[in-house]
Amino acid sequence: MKRIALGLLCGAALLYALASYFEHSAGAHPAWGYLASFAEAAMVGAIADWFAVVALFRHPLGLPIPHTAIIPSNKDRIGANLANFICNNFLSTAQVLAKVRAFDAAGRIADWLARPASGEKLGDWGVAATRYALSAFDDERVRAFLGRAAAAGLARVDLSRFAGQTLDALTADGRHQALLDDVLEQVAKLLDGEEAQAHITEAIAREIKALRFVGLDQVAARAATRKIVSAVARTVGNLATEPEHPLRRRFDHFVDDFVLRLQHDPEFQARGEQMRAELMAHPALGDYLHGLWGELLAWLDEDLGRRDSTIRQRIAALASGLGAHLQADAGIRRWINEQVEAAAPLAIERYREDIRRYIVERVADWNADEMTTELERNIGRDLQFIRINGTLVGGLVGLAIHTLTQLLRA
């Protein structure tokens, strides 16, 4: 494009020379004057636009003319203006939010997940990531680290206090009473069963040896069994229906006392310390952890190596099921989109400034010559059309002025 523009300038110069020569020759045709005016103005337009285009990128002919080499001289300001232009016109909160609303993230996610190919793809990704992690973790250094970490974690645990805190949490708000209710219900069912009553009867009959000789041992045993079952059932019924039953209160006091002793009794704490020390000193702990880790890695590797991998199928089934549920539940899709829209403004404000700073810093760090070369390489071809158009338009304007001058003289 530069050669074409330069060729037009040279053509205009040659035309001007020929037209000027023949214009002043004897008996010259008036058309030579028009051609000379066209060529003269074309040269002026071509040179002026050449100067304008070159002045954007460098000093024309290397001369330090003011307000030339505009881009390299104003590189930082151009970077800041470019950043402001992009952020204000492409990354404004209103514009991005409108795109987010139109995007329908939840609907697109649901549709993508519901496709069988997507589930398989997620399964493949999951398997690939897991197999890479397995190959990285199957290292003696990792095993040793896990062993040290487990031992260090166990060394910091106060077993007695931890057990007490765990029981305290489990018994808070009377949760142990619910457990007691379950136990009582199971006892009632057990006593009401034929097998349990037969065992009780047989045990009592074995103890009543004196009545065995007259054949009354089974009779007496059954009668005693009925009384025992009746008494236990009555007691269980009372426990189940009376929250303030004395046995329930005794159970509460026992649990509370046991929890306090676990947390604060030096004897219990000493026993916990002894158990922990024995556990840490036992070589079986390290062997167990190493063996468990190795078995886990081996199982995972064997499963992931199969095309019908359980993990792969679970991931695919989970993705497909999640997609189907999202497709069927318009409410949850609306909720997801609402959360995206609610979070978007903060993200936009946060990252818009990061983008602005990145553009400014990137342009500031850019070498001026490198930046000029890149811009000229990308837009220079279009800028050469300015020179070409300047040549042609300048010539037409010169021709028009010459024509108007001749008309006014006539």
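Scroll up for the structure.
Quick caveat, the model's predicted, so the values are computed rather than measured.

What counts and what doesn't
Residues numbered from 1 in each chain as written. Predicted model: local features only at pLDDT ≥ 70, side-chain atom pairs only at ≥ 80, totals over all residues. Heavy atoms only, no water. Helix = DSSP H or I, 4+ residues; strand = E, 2+ residues; numbered from the N terminus. Buried < 20%, exposed > 50% of the residue type's maximum accessible area, 1.4 Å probe, protein only. Contact = heavy atoms within 4.5 Å. Axes fitted to C-alpha atoms, helices over the stretch in contact; angles between N-to-C directions. Parallel < 35°, antiparallel > 145°, perpendicular 65-115°, else oblique. Nonpolar A, V, L, I, M, F, W, Y, C, P; charged D, E, K, R; others polar. Polar contact = N/O pair within 3.5 Å; in protein donor to acceptor, adjacent residues only side chain to side chain. Core = buried A, V, L, I, M, F, W, Y, C linked by side-chain atoms within 4.5 Å. Expected span 1.5 Å × (residues − 1). Bend = angle between axes of the 7 residues up to and from the residue. Salt bridge = Lys/Arg side-chain N within 4 Å of Asp/Glu carboxyl O. Phe/Tyr/Trp six-rings, centres within 6.5 Å; stacked < 30°, edge-to-face > 60°.

Participant: Describe the overall build of the protein, with residues and values.
Facilitator: What the protein contains, in helices and strands, is 18 helices and zero strands. A total of 410 residues make up the protein; the buried ones form 25% of that total. Put simply, 69% of the contacts in the protein that link residues at least 6 apart link residues at least 24 apart.

Participant: Can you tell me about the packing of helix H16 (residues 310–328) against helix H17 (residues 330–365), naming the residues and giving the values?
Facilitator: Viewed as axis vectors pointing N to C, H16 and H17 meet at an angle of 95 degrees, and their least axial separation amounts to 5 Å. Here H17 runs roughly perpendicular to H16, going by the angle between their axes. Along the contact surface, H16 presents Leu326, Gln327 and Ala328, while H17 presents Ala330, Ile332, Arg333 and Ile336. The class makeup of the residues in the contact of H16 with H17 is five nonpolar, one polar and one charged.

Participant: I'd like a rundown of the side chain of Glu376, residues and numbers included.
Facilitator: With respect to the secondary-structure elements, Glu376 resides in helix H18 (residues 368–409). Judged by relative accessible area, Glu376 falls into the buried class, the value being 17%. Only 2.8 Å separates the side chain of Glu376 from the side chain of Arg58, close enough to count as a polar contact.

Participant: Help me get a handle on the nonpolar core, residues and values and all.
Facilitator: Counting residues in each nonpolar core, the largest one holds eight residues, listed as Val53, Phe57, Ile71, Ala83, Ile359, Val363, Met371 and Leu383. Elements with a minimum of two residues in this core: helix H2 (31–57), H17 and H18. Here Ala83 is in contact with Arg356, Ile359 and Val360, once residues within four sequence places are set aside. If you look at the next biggest cluster of nonpolar residues, it comprises five residues, including Leu9, Ala42, Met43 and Ala46.

Participant: An account of the packing of helix H6 (residues 105–114) against H17 is requested, with residue identities and associated values reported.
Facilitator: Orientation of H6 relative to H17, taken along the N-to-C sense of each, is 125 degrees, at an axis distance of 7 Å. Comparing their axes, H17 and H6 come out oblique. On the side of H6, the interface is formed by Ala105, Ala106, Gly107 and Ala110, while H17 contributes Arg333, Ile336 and Asn337. Split by residue class, the contact of H6 with H17 holds four nonpolar, two polar and one charged.

Participant: Go over H17, please, and point to the residues and values.
Facilitator: Here H17 spans 49 Å end to end across 36 residues, near enough to the 52 Å set by a 1.5 Å rise per residue. At Ala344, H17 shows its largest kink, close to 35 degrees, and the proline Pro345 lies no more than four residues downstream. Of all the residues in H17, the buried ones are Asn337, Ala344, Ile348, Arg352, Arg356, Ile359 and Val363. If you check the start of H17, you find a side-chain oxygen 3.1 Å away from the backbone N of Gly331, and it comes from Asp329.

Participant: Residues and numbers for the pattern of salt bridges, please.
Facilitator: The tally for this structure, following the rule as stated, stands at seven salt bridges. Notably, a salt bridge pairs Glu349 with Arg352, separated by 2.6 Å at the nearest N-O pair. Within this pair, Glu349 and its partner Arg352 are both found in helix H17, separated by three residues, close to a single helical turn. Under the relative-accessibility criterion, Arg352 is labelled buried at 10%. Among the ionic pairs, Glu353 bridges to Arg356, the shortest N-O distance being 3.2 Å. Placement of the pair is Glu353 and Arg356 together in helix H17, with a separation of three residues, close to one helical turn. In this structure Arg356 comes out as buried when scored by relative accessible area, which is 16%.

Participant: Go over the packing of aromatic side chains with me, naming the residues and quoting the values.
Facilitator: Evaluation of the coordinates by the stated rule reveals four aromatic pairs. Relative to Phe22, the ring of Tyr21 has its centre 5.1 Å away and its plane inclined at 80 degrees; by these criteria the two rings are edge-to-face. Judged by its relative accessible area of 33%, Phe22 is partly exposed. A centroid spacing of 6.3 Å and a plane angle of 20 degrees characterise the contact between Trp112 and Trp125, whose relative ring orientation is stacked.

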